[in-house]
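One-letter residues, chain by chain:
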Amino acid sequence: MFDRPVRTVMRRRNVVTASPDTTVHKVATLMASKNVGAVMVVDDEALVGIFTERDVVCRVVARGLDPATTAVADVMTQRPHTTTPDVPFGAALAVMHEKGFRHMPVIENGKPVGIVSARSAMDPEMEDFAAEALRREHYRARS
C-alpha cells in the first residue's frame, strides 16, 4: 500500500472546499454534514489553505472567537504542505508524520484534486478497495 501512488488512496468524492471569506460556523457545519475532518480553502481555483477539526478547537474555540463571524482565512493553516497524485503514499504519510498533521491536499496542475489522510493507512477496507480497483483496471486493459 505504501508504494502505491497517492492517487489510489486519496479521497476525491468527499473533498470539501470553501472560499477564504466563509465563516467558521458555515465550514464546520459543512464538515459535519459531509463527515470530513478537513476542508481545503480555495481562492480562484488555487489552494490557499486548509482548515481542520483541530483548527476549530485550537484556533477558534480555545481563543474564544465567534464561529459565526470569524472568516476561515483568519484561522486556517496558510500554504499547507501538499503532494501530487504520483508521489508514493508512504512518502506522503512520512511527511504528515514528521510535520505532525493528518490531512494533506493533493495538487495537480496547480489545482486541488483530492486529499489524502493518515487515516487511509489504517483503513483495511481501503486496501481491499484499492486492490479491487487495480484488478478491474488490469482486466479492462486486457479486454
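Heads up: these notes are all about the structure in this document. A quick note: this is a predicted structure, and the numbers were derived from the prediction, not measured. (Residues numbered from 1 in each chain as written. Predicted model: local features only at pLDDT ≥ 70, side-chain atom pairs only at ≥ 80, totals over all residues. Heavy atoms only, no water.)

Our focus in this paragraph is the pattern of salt bridges. Under the definition given, this model contains six salt bridges. In this structure, Glu53 engages Arg102 in a salt bridge whose closest nitrogen and oxygen atoms are separated by 3.5 Å. A residue pair is termed long-range when its members are at least 10 positions apart, and Glu53 in helix H2 (residues 53-61) and Arg102 in the loop between helix H3 (89-99) and strand E5 (103-108) qualify at 49 residues. Residue class for Glu53 comes out partly exposed when judged on its relative accessible area of 40%. Owing to a relative accessible area of 47%, Arg102 belongs among the partly exposed residues under this scheme. (Salt bridge = Lys/Arg side-chain N within 4 Å of Asp/Glu carboxyl O. Helix = DSSP H or I, 4+ residues; strand = E, 2+ residues; numbered from the N terminus. Buried < 20%, exposed > 50% of the residue type's maximum accessible area, 1.4 Å probe, protein only.)

Counting 13 residues, the largest nonpolar core has Val27, Met31, Val39 and Phe51 as its most contacted members. Among the elements that take part in this core, helix H1 (residues 24-34) stands out by supplying three residues, more than any other. For Val39, the contacting residues outside a window of four places in its chain are Val16, Thr17, Ala18, Val27, Met31, Gly49, Ile50 and Phe51. With 11 residues, the next largest nonpolar core counts Val6, Met10, Ala92 and Leu93 among its residues. (Core = buried A, V, L, I, M, F, W, Y, C linked by side-chain atoms within 4.5 Å. Contact = heavy atoms within 4.5 Å.)

This part takes up the layout of surface pockets. Volume-wise, the second largest pocket comes out at about 390 Å³. For the second largest pocket, the lining is made up of 15 residues, of which Thr52, Arg54, Thr77, Gly100 and Phe101 are closest to its centre. Those elements giving two or more residues to the lining of the second largest pocket turn out to be strand E3 (46-52), H2 and E5. Per-element accounting of the lining of the second largest pocket gives the leading share, four residues, to H2. When its residues are assigned to classes, the lining of the second largest pocket shows five nonpolar, five polar and five charged. (1 Å grid on protein atoms, 1.4 Å probe; cavity = no way out; pocket = protein on both sides within 12 Å on 5 of 7 lines; lining within 4 Å. Points joined across faces, edges and corners; volume = space filled by probe spheres on them. Nonpolar A, V, L, I, M, F, W, Y, C, P; charged D, E, K, R; others polar.)

Moving on: the environment of Met104. Tracing the chain through its elements places Met104 in strand E5. A residue is classified by how much of its surface remains accessible, and Met104, at 2% relative accessible area, is buried. Spatially, the C-alpha atom of Met104 lies 6.9 Å from that of Thr83, the residues being 21 residues apart in sequence. Not counting chain neighbours up to four residues away, the residues in contact with Met104 comprise His81, Thr82, Thr83, Ala92, Val95, Met96, Ile115 and Val116.

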